[in-house]
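# Structural features, examined
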Amino acid sequence: MKSHVLNALKTVNGLVWGLPTLLLILGVGVLLSLRTGFAQVALFPAALRSFGRKLTGKDRTADGVSPFQALCTALAATVGTGNLAGVAGAITLGGPGAIFWMWVCAFFGMVTKYAEVVLALRHRVRERDGYAGGPMYLIRQGLGEKWRPMAAAYALFGVFAAFGVGNATQINAFVSGVNDVQTYFGLPVTDRGNLFLGAVVAMLVWLLLRGGAGRIGRTAEKLVPLAACFYLLLGLGALIVRANRIPDALRLILQGAFAPKAVTGGFVGSMVTAIGVGASRGVFTNEAGMGTASIAHASALVDHPAEQGLLGIMEVFLDTIVICTMTALVILTSPEALPYGTDPGVRLTTRAFADVYGDWICIPIALSLCCFAFATVLGWGLYGARCAQYLLGKPVWKSFAFVQAAVSLLGAILGTGLVWTLSETVNGLMAIPNLLALALLSPEVRALTKEYQCRLRSAGGTYEHIHQRQSLRTLAHAEISPAGRQGPGAGHPHPSFEHRSAGPADPSGLF
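Residues numbered from 1 in each chain as written. Predicted model: local features only at pLDDT ≥ 70, side-chain atom pairs only at ≥ 80, totals over all residues. Heavy atoms only, no water.

### Details of the packing of helix H9 (residues 148-184) against helix H17 (residues 346-357)
Here is the rule we go by: Axis lines are fitted through C-alpha atoms, for helices just across the contact stretch, and the angle between N-to-C directions can take any value from 0 to 180 degrees. In this description a helix means any DSSP run of H or I spanning at least four residues, a strand means any run of E spanning at least two, and both kinds are numbered starting from the N terminus. Small angles under 35 degrees read as roughly parallel and large ones over 145 as roughly antiparallel, with 65 to 115 read as roughly perpendicular and the rest as oblique. Crossings are assigned a handedness: left-handed for a near helix turned anticlockwise from the far helix by less than a right angle, right-handed for a clockwise turn. When checking whether two residues touch, look at their non-hydrogen atoms; a contact exists if any pair is within 4.5 Å. Polarity classes work like this: nonpolar for Ala, Val, Leu, Ile, Met, Phe, Trp, Tyr, Cys and Pro, charged for Asp, Glu, Lys and Arg, and polar for all others, with Gly in that last group.
Relative to each other, H9 and H17 sit at 45°, their axes nearing to 10 Å. The pairing of H9 with H17 is recorded here as oblique in orientation. The two elements H9 and H17 meet at a crossing, and its hand is right-handed. Each of Ser 176, Gly 177, Asn 179 and Asp 180 in H9 lies in contact with H17, whose residues at this interface are Val 346, Arg 347 and Thr 350. A breakdown of the residues in the contact of H9 with H17 according to their chemical character gives 1 nonpolar, 4 polar and 2 charged.

### Side note on the packing of aromatic side chains
Applicable threshold: Any two rings among Phe, Tyr and Trp, with Trp reduced to its six-membered ring, count as a pair given centres within 6.5 Å; such a pair is stacked if its planes are under 30 degrees apart, edge-to-face if over 60, and tilted if neither. Any residue under 20% of the maximum accessible area for its type is buried, any over 50% is exposed, and the rest in between are partly exposed; the area is computed with a 1.4 Å probe on protein chains only.
By the definition in use, this model includes 13 aromatic pairs. Between the aromatic rings of Phe 38 and Phe 107, the centroid separation amounts to 6.5 Å while the plane-to-plane angle is 35°, which identifies the pairing as tilted. You can see Phe 38 sitting in the loop between helix H2 (19-35) and helix H3 (39-42) and its partner Phe 107 sitting in helix H7 (residues 97-122), a full 69 residues away along the chain. Classification of Phe 38 by relative accessible area gives partly exposed; the value is 33%.

### Notes on empty space enclosed by the protein
Rule in force here: Computed over the protein atoms alone on a 1 Å grid, cavities are sets of points where a 1.4 Å probe fits but cannot get out and pockets are open sets with protein on both sides within 12 Å along at least five of seven lines; a residue lines them when it has an atom within 4 Å of a point. Grid points are joined across faces, edges and corners, and a volume is the space filled by probe spheres set on the points.
Counting across every chain of the model gives 3 cavities of 30 Å³ or more. Roughly 80 Å³ of volume is contained in the largest cavity. In terms of lining, the largest cavity is formed by Ile 25, Leu 26, Cys 105, Phe 108, Gly 109, Thr 112, Gly 282, Val 283, Asn 286, Ala 288, Gly 289 and Leu 435. When residues of the lining of the largest cavity are traced back to their parent elements, those giving at least two are H2, H7 and helix H14 (271-286).

As structure tokens, this is what we get:
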């Protein structure tokens with residue numbers, strides 16, 4: 001029965017992640033790159049500076065959700081098991097060349113994530129305890145009421161994704177890592193023990209999710225940088241030891257991108273397979289195109305949407321270009337035989353590290369995996385709760401937190417293949433409405449990017465002034481004076497630039 005379900009899911013997954021979806025992901029990324037003048041390149045220095053200031057404690061806000069907390073919450077959901085287990089699966093299922101296509105998707109994904117964040121802040125809504133935003137809001141607010149069904153569909157997919165990609169998948173990898181430690185110490189691995197691990201995580205998830213976006217942000221702010229730095233240090237040490245093998249690993253990646261059959265001995269027979277696996281695993285790990293991270297970023301208190309968009313660029317860069325690449329190089333420089341055609345999960349990554357550090361490395365790898373997985377469950381808990389609130393109203397938050405915790409128990413005993421296939425399918429279903437909205441609203445991204453670049457060059461005016469220009473008409477009730485004049489809207493440290501009505505923004509004059 002289970003094999004029939006898995007085969008059916010693989011068929012659906014193949015349709016969802018077929019050529020049309022892959023072309024849509026890359027096509028929207030190319031469109032946004034052209035619209036914004038390749039913002040992922042032009043704004044990258046500013047993004048590095050912004051990330052550095054926030055990482056060192058500068059530019060933090062005193063109250064509300066700070067930009068850095070929003071970034072860490074998004075990174076908590078982004079930097080997860082996909083960086084360890086997902087990269088290993090990408091190599092064995094799509095060949096080393098799948099990593100090259102992950103890079104390509106990440107390059108365009110940086111501008112896609114930037115656009116998602118910019119539009120999420122532009123079309124967010126004010127609530128009693130802060131701001132709410134994301135693809136479902138920008139679809140309804142930016143495109144109009146006739147698009148409401150697509151916004152509701154996205155929110156529905158988001159709820160299910162929070163249970164799969166954001167929970168069961170993470171707990172499954174969490175348990176796999178702990179099982180490796182048990183095996184190392186000669187302890188038995190049992191379903192009862194795995195269920196107990198799931199129960200412990202479920203209790204922690206329930207307690208933290210009940211505290212809302214603020215508690216999640218404060219937890220992520222402490223957990224994510226620590227776990228990421230720890231893992232990067234381990235990876236850097238392994239690559240220093242194997243520095244002479246890095247050129248060969250890069251050759252395998254580049255050759256395998258266009259001739260995977262030659263690199264994998266025929267196990268991966270076509271470039272289409274390498275592209276498909278690389279794109280799907282790339283989207284899984286950095287979530288560019290899914291729109292989910294914009295739900296967290298929408299809560300940030302900033303002066304301009306593009307200011308937070310810079311952190312969206314850094315999010316994809318850190319996740320895929322830095323962490324995923326390091327994992328891939330550690331695996332490809334190791335003497336471990338690659339089990340092509342199977343999904344080894346985190347075990348292949350652990351063995352690759354063990355060839356350098358010894359078998360004891362399974363303990364710190366499991367610790368890193370547990371931190372990443374737990375942070376991801378929290379981040380996705382926020383996403384799912386926001387989607388559920390959009391569909392059913394604010395009171396559903398506590399009920400969602402309980403269900404999200406309960407799903408952790410199932411994730412502890414489900415098989416890897418079933419969980420990953422289901423997660424990739426839901427990812428594709430979420431990406432389609434979000435990417436369509438990004439393409440239709442790309443003129444707004446272009447206008448906001450140009451205005452932010454003018455602001456960086458001239459240091460004149462604020463978004464509070466810019467927002468009421470004819471080219472970006474929004475709300476009639478906002479009383480904000482033109483740049484350089486006195487007015488009732490001038491001088492607010494955190495101007496309110498979110499939409500507060502269900503009407504669409506007027507895109508005229510934005511081309």
